[in-house]
Amino acid sequence: MQTTATKFNPIALSILWSRLISIVDEAGTTLQRTSFSTVTRESNDFAVVLMDRKGRSIAQSSVSVPSFLGVLPMLTKALLADYFPLDSWKEGDVVMTNDPWLCAGHKPDIGIVSPIFYEGNLIGFIGTIAHSPDMGGVLWGAGSRDLYEEGLMVPPTKLISEGEPNKTLFNILEQNVRAADQTVGDIRAQIAANDQGIKSLMKLMEENNLGDLQDLADAVINASEKAMREALLAAPDGSYQYQYDTDGDGKGNGCHFEITVTIKGDEIHADYEGTSGAHPLSINAVLNYTYAYTAYPIKCTFSPDVPNNDGSFYPIKVTAPKGCLVNAQKPSPLGARNITGNMLHSVVFGALAKAVPEQVQADCGSACWCIVLNGEHKGKEFVEYFFLNGGYGARPNMDGEHVLSFPTNVANVPIEVLETDIAVLVTEKSLVPNSGGEGKYRGGLGQRFSFKNVGENPLNISLLTEKTQTPAKGILLGQDGQMGSMEIIPHRDFPPKGLDKLHPGEELILTLPGGGGYGDPAQRDAVLIEEDKALGYIN
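Keep in mind that what you see is a predicted model, and the values were worked out from it rather than measured.

This part is about the pattern of salt bridges. Taken as a whole, this structure holds 25 salt bridges when the rule is applied. A salt bridge links R178 to D134, with the nearest nitrogen and oxygen atoms 2.7 Å apart. With R178 in the loop between α4 (167-176) and α5 (180-207) and D134 in the loop between β5 (121-131) and β6 (157-161), this pair connects stretches of sequence that are 44 residues apart. Take D134: its relative accessible area is 3%, and that puts it in the buried class. Residue R492 is joined to E506 by a salt bridge in which the shortest nitrogen-to-oxygen separation is 2.8 Å. Here R492 is found in the loop between β17 (485-489) and β18 (497-502), whereas its partner E506 is found in the loop between β18 and β19 (507-511), with 14 residues between them in sequence. One connected set of salt bridges, linked through shared partners, spans E225, R229, D266 and E267.

As structure tokens, this is what we get:
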């Protein structure tokens, strides 16, 4: 007997919803533990999403990176509309693409979607996105000059058809990427994660006598939409504007953001009219990626406790002029679009501070600095990623945390793993005193991280820094955080964003920015000031 939406009382719905989240979390654990690369295994740069047969998200894994928020449903809906109609899917199919405009905004993010069949009927889809170690072209980062230098782009293609692998596509991938065992191994881990999610969902269906997933999907999605609309109704109607400048290339060619956020009843519209045009470096973002990093701070502001699914985002509209920095078109380079996306929270919160000042936070101290190293170690080629973060922005009722990732939530690669996998020695990792912006609540401190090439051969390096020319902005009279810096010893020119080599014996010293302060510094509690001094956070 099929359960209908009317039979989901609030308690039953809450239990089933939690069970769905545990299913995608379990699939995420499978992906993490079977992956070959540190970017997935250690840094958690992935997402798992369960969707209904319309491609609407029902549940998303808890550790999902915000850049993937809503992206897999966008991809699945596009697959159904333009590539693989609903009646063309077969049990055992797996579709892959890394098209930036369909998927997550740059080629290294690979989307893998599998159909879910129950008792012979297609009831939904499960998908994963993960950051691949490599997709060929120039080493991942901001160094490419156009889209075509960023490596292989795979249009929506069946990687597996009714259980049979597409050997031609696997061969193309293996022959076009660095460290092919890492890249292909991670793709197989994504497939395994989808399979695990399907198996767990089958148990839920059987245990709860569900003949279909649609009624449960409708109930969950409707509940999230209701929560978001009610929160927006409590906010004052109006249009709120904000402007924000960033480093750009770090050498004088900066970027400018403008936003107008309009709240009207139970809907909200963010428009980026006035934002810079496409940048020569590959820091441009496509609109679906911009949507993800705009919707995320909006959700954090108005409905932070409700799990992510399509319903949360129905009231949110995001627009940007075609061809601008945040709505890039071909052949604009996109590789380091994360630098741009990770700063959109500052733009959104800056506007919303004029409407709901007690629900936003100050600017964070970095847009997640990224370091990619490539070379050979013990006779085997590697591509190694690690991420660094500055200070978290202060909040309306507490200081910002030190060295905390936001809005992305990629994790730190342990030093022991880094030093084991490649010939580098980490020489310092410490907090930077006085780097957090002052305020009623202080911004979090940045960090100093330095490492040396202790091998016999040069390492290819791609570096992405931010806020070395512009600070993390304080909010509501809070002061700006301290800017970051970089230095290489022996001293020579080194690109703040781009490609170079780290030669044997050279040491790279990275000082990450502090977060912005919140509120008037004159209102800071004297006890907190003394604690900061005692802990060495300020001099």
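Moving on, we get to the pairing of strand β10 (residues 267-271). The two faces of β10 differ: I268 and A270 on one face are buried, but E267, H269 and D271 on the other face are not. Bridge count between strand β9 (residues 255-264) and β10: 5 bridges; the pairing is antiparallel. The residue bridging I263 from the neighbouring strand is I268, located in β10. Taken together, β9 and the strand that follows it, β10, pair antiparallel across an intervening segment of 2 residues, in which G265 is found at a positive phi of about 65 degrees. Inspection of the sheet shows β10 paired to strand β11 (residues 316-319) by 4 bridges, in the parallel sense.

A few words now on the layout of surface pockets. Any space left empty among the atoms is revealed by the rolling of a water-sized probe across them. Counted as a void, the largest pocket has a volume near 400 Å³. Surrounding the largest pocket, 18 residues form its lining, S62, Y296, K299, P304 and N308 being those nearest its centre. Among the elements of the structure, β2 (57-60) and α7 (287-302) are those that each provide at least two residues to the lining of the largest pocket. Considering each element in turn, the lining of the largest pocket owes the most residues, 3 residues, to α7. Class assignment of the residues belonging to the lining of the largest pocket gives a composition of 11 nonpolar, 6 polar and 1 charged. One number sums up the size of the second largest pocket: a volume of about 280 Å³. Taken together, 14 residues make up the lining of the second largest pocket; nearest its centre are Q182, K380, E381, F382 and D421.

Examined against the element boundaries, N374 turns out to sit in strand β12 (residues 369-377). Note on N374: relative accessible area 5%, which makes it buried. A polar atom in the side chain of N374 sits 3.3 Å from the side chain of E381. One polar contact links the side chain of N374 to the main-chain carbonyl oxygen of F382, over a distance of 2.8 Å. If we ignore the near neighbours within four places in the chain, the residues touching N374 are L139, R178, E381, F382, V383, L459 and N460.

Going through the model one piece at a time under the given rule, you end up with 0 disulfides. Left without a disulfide partner, C368 is nearest to the cysteine sulfur of C370, which lies 4.5 Å away.

Here we come to helix α1 (residues 10-34). Between its first and last C-alpha, α1 extends 36 Å over 25 residues, near the 36 Å set by a 1.5 Å rise per residue. All of the buried residues along α1 are L13, L16, W17, L20, I21, I23, V24, A27, G28, T30 and L31. In the core, the buried residues of α1 are packed alongside α2 (38-41), β1 (46-52), β2, β5, α5 and α6 (214-233). N-capping of α1 is provided by N9, with a side-chain oxygen placed 3.0 Å from the backbone N of I11.

Take the sheet that holds β12 next. Note: strands within a sheet are paired through backbone hydrogen bonds, in either parallel or antiparallel orientation. Strand order in the open sheet formed by 4 strands is β13-β12-β16-β18, and the pairing between neighbours is antiparallel. In this open sheet, the two edge strands, each paired with only one partner strand, are β13 (380-388) and β18. Averaged over neighbouring strand pairs, the angle between their axes works out to 15 degrees when direction is ignored. Sheet analysis places β12 next to strand β16 (residues 459-464), joined by 5 bridges and oriented antiparallel. Bridge pairing in β16 links L373 to I461.

The rules behind each value
- Residues numbered from 1 in each chain as written.
- Predicted model: local features only at pLDDT ≥ 70, side-chain atom pairs only at ≥ 80, totals over all residues.
- Heavy atoms only, no water.
- Salt bridge = Lys/Arg side-chain N within 4 Å of Asp/Glu carboxyl O.
- Helix = DSSP H or I, 4+ residues; strand = E, 2+ residues; numbered from the N terminus.
- Buried < 20%, exposed > 50% of the residue type's maximum accessible area, 1.4 Å probe, protein only.
- Pairing = 2+ DSSP bridges.
- 1 Å grid on protein atoms, 1.4 Å probe; cavity = no way out; pocket = protein on both sides within 12 Å on 5 of 7 lines; lining within 4 Å.
- Points joined across faces, edges and corners; volume = space filled by probe spheres on them.
- Nonpolar A, V, L, I, M, F, W, Y, C, P; charged D, E, K, R; others polar.
- Polar contact = N/O pair within 3.5 Å; in protein donor to acceptor, adjacent residues only side chain to side chain.
- Contact = heavy atoms within 4.5 Å.
- Disulfide = S-S within 2.5 Å.
- Expected span 1.5 Å × (residues − 1).
- Axes fitted to C-alpha atoms, helices over the stretch in contact; angles between N-to-C directions.

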